[in-house]
Amino acid sequence: MDWNEYRKRLSWFQHDRFGMFIHWGLYAIPARGEWVRSFEKMPKEDYQKYFDAFDPTGYDPKEWARLAKHAGMKYAVLTAKHHDGFCLFDSKLTDYKSTNTKAGRDLVREYVDAFRAEGIKVGLYFSLIDWYHPDYPHYEDKIHPMRGNEDFKDHASQENFDRYLDYMHGQVREICTNYGKLDVLWFDFSYEGMSGEKWRATELVRMVRSLQPDVLIDNRLEASGEGFGSLLTDNPSEYSGDFVSPEQIIPPEGILSQKGEPVAWEACVTLNNHWGYAVHDHDWKSAKTVVRKLVECVSKGGNLLLNVGPDAKGRIPKESVKILTEVGNWMERNSASIYGCCVSSISQQPWGCVTESETDIFLHVYEDTVGPIPLKGLKKEDFRLIQFEDGGAEIQIKPSWTTGNYPDYMYVPIGSDAFGSYALPDKIDTVIRMIKK
Ligand code: GLC
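Residues numbered from 1 in each chain as written. Predicted model: local features only at pLDDT ≥ 70, side-chain atom pairs only at ≥ 80, totals over all residues. Heavy atoms only, no water.

(A) Highlighting the packing of helix α5 (residues 61-71) against helix α10 (residues 318-334). Axis separation between α5 and α10 bottoms out at 7 Å; the angle between their running directions is 40°. Our classification of the angle between α5 and α10 gives oblique. Here α5 contributes L67, H70 and A71 to the contact with α10, which in turn contributes V321, L324, T325, V327, G328, N329, M331 and E332. Per-class residue counts for the contact of α5 with α10 are six nonpolar, four polar and one charged. (Axes fitted to C-alpha atoms, helices over the stretch in contact; angles between N-to-C directions. Helix = DSSP H or I, 4+ residues; strand = E, 2+ residues; numbered from the N terminus. Parallel < 35°, antiparallel > 145°, perpendicular 65-115°, else oblique. Contact = heavy atoms within 4.5 Å. Nonpolar A, V, L, I, M, F, W, Y, C, P; charged D, E, K, R; others polar.)

(B) A look at the site of the ligand. Near the ligand, the surroundings consist of 14 residues, among which H23, E34, H82, H83 and E247 are the closest. Measuring from an oxygen atom of the ligand, one finds a side-chain N or O atom of E34 at 2.5 Å. H83 places a side-chain nitrogen or oxygen 2.8 Å from an oxygen atom of the ligand. Expressed as a share of its isolated accessible area of 310 Å², the protein-covered part of the ligand is 95%. Classifying every residue of the shell around the ligand gives seven nonpolar, three polar and four charged. (Near = heavy atom within 4 Å. Polar contact = N/O pair within 3.5 Å; in protein donor to acceptor, adjacent residues only side chain to side chain. Areas by Shrake-Rupley, 256 points an atom, 1.4 Å probe, with all protein chains shown as cover.)

(C) How the structure looks around the pattern of salt bridges. In the structure shown here, the tally under the stated rule is 28 salt bridges. For the salt bridge of R7 with E261, the shortest nitrogen-to-oxygen distance reads 3.2 Å. Here the residue R7 occupies a position in helix α1 (residues 3-9), and E261 occupies one in the loop between β5 (216-217) and β6 (266-269), the gap between them amounting to 254 residues. Given a relative accessible area of 33%, R7 falls into the partly exposed group. For R163, the salt bridge is made with D135, and the minimal N-O distance between the two is 2.8 Å. With a gap of 28 residues between them, R163 in helix α7 (residues 161-178) and D135 in the loop between β3 (121-127) and α7 connect regions that are remote in the sequence. Linked by salt bridges that have partners in common, D162, D166, R200 and E203 make up one network. (Salt bridge = Lys/Arg side-chain N within 4 Å of Asp/Glu carboxyl O. Buried < 20%, exposed > 50% of the residue type's maximum accessible area, 1.4 Å probe, protein only.)

(D) Broad picture of the sheet that holds β6. One open sheet holds the seven strands; their spatial order is β5-β4-β3-β2-β1-β7-β6, and the pairing between them is parallel. Edge positions in the sheet fall to β5 and β6, since each has one partner strand and no second. Where strand β2 (residues 75-81) and β3 come together, six bridges link them in parallel fashion. Within β3, the position partnered with K81 by the bridge is F126. Seen against the sheet, α5 touches β1 (18-22) and β2 and runs at an angle of roughly 150° to β1. Packing against the sheet, α7 makes contact with β2, β3 and β4 (184-188), and its axis sits at approximately 170° to β3. (Pairing = 2+ DSSP bridges.)

(E) Up close: α7. Here α7 contains 18 residues, and its C-alpha end-to-end distance of 26 Å stays within 8% of the 26 Å for a straight helix at 1.5 Å per residue. As for α7, its buried residues are in contact with β2, β3, β4 and α8 (201-211). Where α7 begins, the capping side chain belongs to N160, and its oxygen is found 3.1 Å from the backbone nitrogen of D162. (Expected span 1.5 Å × (residues − 1).)

(F) Highlighting the pairing of β3. The buried fraction of β3 is high, at six of seven residues. Both β3 and β4 contribute to a ladder of five bridges, which runs parallel. Looking at β4, one finds that S127 is bridged to D188. You can see the chain leave β3, run along α7 and come back into β4, and the turn it takes is right-handed. (Right-handed = clockwise from strand over helix to strand, strands pointing away.)

In structure tokens, the structure reads:
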């Protein structure tokens with residue numbers, strides 16, 4: 001593995017840090033999450049009514065793109081096909097696609113056009129698993145809706161997995177050919193017995209790289225939300241992918257390869273507790289939580305791919321819009337502490353978090369203070385200027401009788417002098433920029 005080449009290819013991704021995940025499909029109608037067919041062991045025939053009813057009259061990807069842009073998200077990943085097998089794109093290889101619903105259009109095409117027009121990089125999620133295709137294992141599979149269903153006991157004799165793989169590879173060829181330059185290809189996912197060469201992964205990745213030489217691929221051709229795959233080893237497989245994709249967790253200490261090289265990673269996280277639109281799930285994260293989790297990801301060298309689940313009409317739920325708008329208001333004033341930033345030389349702090357770019361150190365202060373903020377081992381001579389990121393006002397570092405006993409520290413006061421208690425100007429995250437010499 002050539003880590004220099006790797007870092008070059010990954011440079012935009014590790015700069016941009018914040019993306020929008022979009023889970024959207026027929027499952028927005030039952031509105032119980034995208035696994036509904038599997039969880040409820042629902043037969044194909046019962047799921048058909050959602051295909052027949054699918055009519056997203058409110059689908060306006062330009063609006064999605066504007067929201068993503070305001071939120072400070074620099075790239076997006078849309079479910080071109082999820083596990084239910086339904087395609088939001090005009091695949092020539094199946095009839096199970098948006099063009100054959102009341103929508104009557106290629107919805108992926110409109111998405112890529114709208115997001116590119118806003119200057120947002122485009123990615124597509126593609127499920128390796130397919131619960132619609134007749135050749136995907138039914139009865140014996142661990143998660144297929146018809147698992148263990150006696151009516152499907154003999155189905156295996158008609159299943160030809162290679163025929164499924166030809167179909168799946170063919171669809172990947174379509175999405176890599178028909179929608180211009182893709183920035184991310186997000187495969188999902190591998191599990192016991194269904195991993196790596198079972199997907200004919202070397203062949204698949206060679207095809208993808210020949211059609212989309214710069215695309216970044218996740219690690220799920222050999223892993224899932226919980227595994228790392230071989231990307232971390234001394235000998236990554238050809239299909240190890242470019243980044244690790246921890247799901248619903250922020251790795252406690254970032255992710256390093258076995259040799260200690262920082263590996264790109266992207267935590268994918270829901271805004272409530274579902275990926276697909278879930279009408280009864282009101283457990284929304286606050287804008288404060290989202291901002292602080294984004295900062296945490298950056299401070300550990302990772303990205304945040306934050307999900308929205310548009311409803312059956314194609315609209316992003318209004319709660320999500322509200323949260324992302326607030327996040328955007330913070331980003332508008334503080335995004336320099338996110339883009340191009342990474343792990344800081346300053347270790348973890350009890351009052352918040354620290355990110356660092358080539359030129360600056362950014363203190364993310366979460367708590368009102370008692371006295372100034374102590375930073376061990378730093379000197380004011382190390383910095384050209386220390387200022388609030390929002391508004392740019394200088395913060396003067398002055399000696400104070402309160403700090404005299406602790407000469408190994410530099411003290412950064414939030415208020416007008418170096419003692420007293422100070423209420424933070426931004427309750428979400430007050431950012432202090434320290435410009436390095
Ligand atoms: C999972 C789920 C899936 C979701 C994905 C996002 O692996 O199967 O529904 O799309 O994670 O990370």
